[in-house]
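Here are the chains, one letter per residue:
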Amino acid sequence: MEKRGNEHASPWTPSERELERRQIRRALTKRKIVIASLSSLIVISLLATVVVTSPGFQVVRQTFFDFHYGQVVIKTVSRGILVNLLLTIVASILIGFIALVLALLRTTKSAALVPFRFLATVYVDIFRGVPLLLVILLVGFGVPALRLTGMTNSVLVLGTIAVVLTYSAYVAEVIRSGILSIHPSQRAAARSLGLSQAQTMRHVVLPQAIRRVIPPLLNDFVSLLKDTGLVSILGVTDAVRAAQIHASRTFNYTPYVVAALLFLIITIPLTRYTDKALHRTYSAQNAQGEA
Amino acid sequence: MSNVLELRNVRKSFGENVVLHDISLAVPEHTATVLIGASGSGKSTLLRCINLLESIDDGAILLDGKEISDPGIDGDAVRRKLTMVFQSFNLFPHKTVLENVTLAPIKVHGKSKEEAMEIATLLLSRFDLLEKADQYPDRLSGGQQQRVAIIRSLAVNPRLLLLDEVTSALDPVLVNEVLSIVRDLKGDGMTMVLATHEMGFATQVADEVCFLESGTILERGPAHEVLARPQHQRTQDFLKRVHEAGRL
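Residues numbered from 1 in each chain as written. Chains lettered and ligands numbered in written order. Predicted model: local features only at pLDDT ≥ 70, side-chain atom pairs only at ≥ 80, totals over all residues. Heavy atoms only, no water.

Things to note about the interface of chain A and chain B
This is how the line gets drawn: Residues are treated as being in contact if the distance between any of their heavy atoms lies within 4.5 Å. Accessible-area loss on putting two parts together, using a 1.4 Å probe and summing over both, is the definition of buried area adopted here. For salt bridges, the criterion is a side-chain nitrogen of Lys or Arg within 4 Å of an Asp or Glu carboxyl oxygen. Within 3.5 Å is the distance limit for a polar contact, defined as a pair of N or O atoms, with the added protein rule that one can donate a hydrogen and the other accept it, and that residues adjacent in sequence qualify only through two side-chain atoms. The secondary structure listing takes helices from DSSP runs of H or I that are at least 4 residues long and strands from runs of E that are at least 2 residues long, numbered from the N terminus. In this count, Pro and Cys sit with the nonpolar residues alongside Ala, Val, Leu, Ile, Met, Phe, Trp and Tyr, while Asp, Glu, Lys and Arg are called charged and the others, Gly among them, polar.
Facing 19 residues of chain A, the contacting portion of chain B comprises 25 residues. Both faces considered, chain A and chain B share a buried interface measuring about 1,800 Å² in area, 57% of it formed by carbon and sulfur atoms. Between D76 of chain B and R191 of chain A there is a salt bridge, and its shortest N-O distance comes to 2.8 Å. Along the contact surface separating chain A from chain B lie eight residue pairs in polar contact (both at pLDDT 80 or more). Those elements that place two or more of their residues in the side of chain A that touches chain B are helix 7 (184–192) and helix 8 (197–227) of chain A. The element contributing the most residues to the side of chain A that touches chain B is helix 7 of chain A, with seven residues. Counted by class, the side of chain A that touches chain B contains eight nonpolar, eight polar and three charged residues.

Okay, here's the thing in structure tokens:
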């Protein structure tokens, strides 16, 4: 909305009633703060008591939270998380491209593309329905067994392929839901100006659809980063695998905690950003106010 | 005068529901045909059929004497010549006013960016919207949005302009700014088919008024006859109701 300044308004001082209302509001806010702090204090101290007084607490502290051991392993585990990051970045580029093609195929009305639409649907059904861990195992151990010439046996590459296969199906569905969410009147307007089906998709529907699904896509990006840890099962030396190597040597599980913390350092800013993006999208759509 | 548009015994049904019965209509060049009738009488469907957004079930639609209702015809090529303005504006929210107006000239009509900008600037300044050129549609009032939508349709220099209740989503104050554009276009000699509930406006621009009821044209003729001296009982009833609603 445009803001219009009103130069003719008389200077305003709040009425008695308004001042009274403000006082009541302040008192209510104060009460809310007190209640929230009290409740937090009680819950946290209860939890702390339960943990600290539990019979195994000393053992847990030594085997999971050994600070010095943590310092020793952090170097190799961080080197591992770089593998996770690299895998995430390469995979997300491939996923974005494949998912877009799948989503477009699944929404196309072109007769020539009918077989591809069918194949895209089958693809999405399969890879959305099979656990990622299974896909990683099948690709990681199955593809090398085929002994195809020119096919790599690198576990890192095979792991990435498996992750891309699965996430392309997820992301395709997110993009497709965005495409379907654009009101038909937008297509009608574009078509009535003479734009073809493809031009309508390219210039009118897709830009709006993608904008709408950015928050859920960021969500999938965070999941992707975490799920790259699963390729450790093939022997890729990522953060999880690096931690595992340490832990199995010393029977101290601090490396796992270190790996978890390293993941959090990356994912927490991402999830905060996602929340913000989500909020922006909805507050733009609900300009009428939030009740 | 040659007919830009001709409808011959057009029929359209959605399943069991027959929306248009045996509609015949001729729209000569430089004339405006106004469709009136209650909601659900088939006005919008008729316009959507002409624009090939819906396919008809019988009869024929001819544009400049050439049948366009033939299923083998290139719908995109037809729509290049006739554009439609909608009740709900349907501007592209992710594009600025200028981008909305230049999209079709560039992508459909192969104009260069400069040419398209020139056309758009000319039209926007003519209808007093040049200062809004770089704004996004959600920053505009309803009246401004609808004027941009009309300009967007004009930018492709259509042979025929279809207007579907272009003022129905606007408050009474904004209605006028939109109607005045349409009056200007009529003055330019634009060939138009429009559906409207604004009877006073219909009187001003219409060369022919058609009263639709349940998918048939019950009565037709010059505005001063159909609107001032309706012959059919149903037309009289309809106009009385419109009058009571304060729209005459």
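Quick word on the pattern of salt bridges
Let me state the cut-off plainly: Type-normalised accessible area, obtained with a 1.4 Å probe on protein chains alone, sets the label of each residue: buried when under 20%, exposed when over 50%, and partly exposed for intermediate values.
Using the criterion set out here, one finds 19 salt bridges over all chains in the structure. R8 of chain B serves as the salt-bridge partner of E6 of chain B, at 3.1 Å between the closest nitrogen and oxygen. A relative accessible area of 22% means that E6 of chain B is categorised as partly exposed. R8 of chain B gets classed as partly exposed once you look at its relative accessible area, which sits at 40%. The salt bridge partner of R126 of chain B is D188 of chain B, with a shortest N-O separation of 2.8 Å. Here R126 of chain B, found in helix 4 (residues 113–126), pairs with D188 of chain B, found in helix 6 (residues 172–188); they are 62 residues apart in sequence, far enough to count as distant. Look at R126 of chain B and you get partly exposed, because its relative accessible area is 42%. Judged by its relative accessible area of 48%, D188 of chain B falls in the partly exposed class. Each of the salt bridges in this network shares a partner with another, and the network as a whole consists of R106, R128, E173 and R176 of chain A.

Topic: the packing of aromatic side chains
Condition: Stacked, edge-to-face and tilted labels apply to pairs of Phe, Tyr and Trp rings (six-membered ring for Trp) whose centres lie within 6.5 Å, assigned for plane angles under 30 degrees, over 60, and everything in between, in that order. A ring is considered to have a charge above it if a Lys NZ or an Arg CZ atom is located within 6 Å of its centre and within 35 degrees of its normal.
One pass over the full model with this rule turns up five aromatic pairs over all chains. Here the aromatic rings of Y123 of chain A and F127 of chain A are separated by 4.7 Å at their centres, their planes lie at 40°, and the arrangement is tilted. Of this pair, Y123 of chain A and F127 of chain A both sit in helix 4 (residues 114–129), four residues apart, which is roughly one turn of that helix. A residue is classified by how much of its surface remains accessible, and F127 of chain A, at 17% relative accessible area, is buried. Relative to Y256 of chain A, the ring of Y253 of chain A lies with its centre 6.0 Å away and its plane at 10°, an arrangement referred to as stacked. Taking relative accessible area as the criterion, Y256 of chain A reaches 33% and is therefore assigned partly exposed. Here the guanidinium or amino end of R152 of chain B rests over the ring plane of F92 of chain B, the centre of that ring lying 4.4 Å away.

Structural notes on the domain arrangement of chain B
All names here are of chain B. Defined as follows: The domain limits used here are those given by an automatic or database domain assignment.
When cut into domains, chain B gives domain 1 (1–81 + 162–248) and domain 2 (90–157). Contact with domain 1, which involves twelve residues of that partner, is made by twelve residues of domain 2. Taking both sides of the interface into account, the surface hidden between domain 1 and domain 2 amounts to around 1,100 Å²; carbon and sulfur atoms contribute 70%. It is R80, E177 and I181 in domain 1 that bury the most area against domain 2; as a group they hold 44% of the surface buried on that side. Our count for the domain 1 to domain 2 interface comes out at four residue pairs in polar contact (both at pLDDT 80 or more). A class-by-class count of the residues in the side of domain 1 that touches domain 2 yields eight nonpolar, no polar and four charged.

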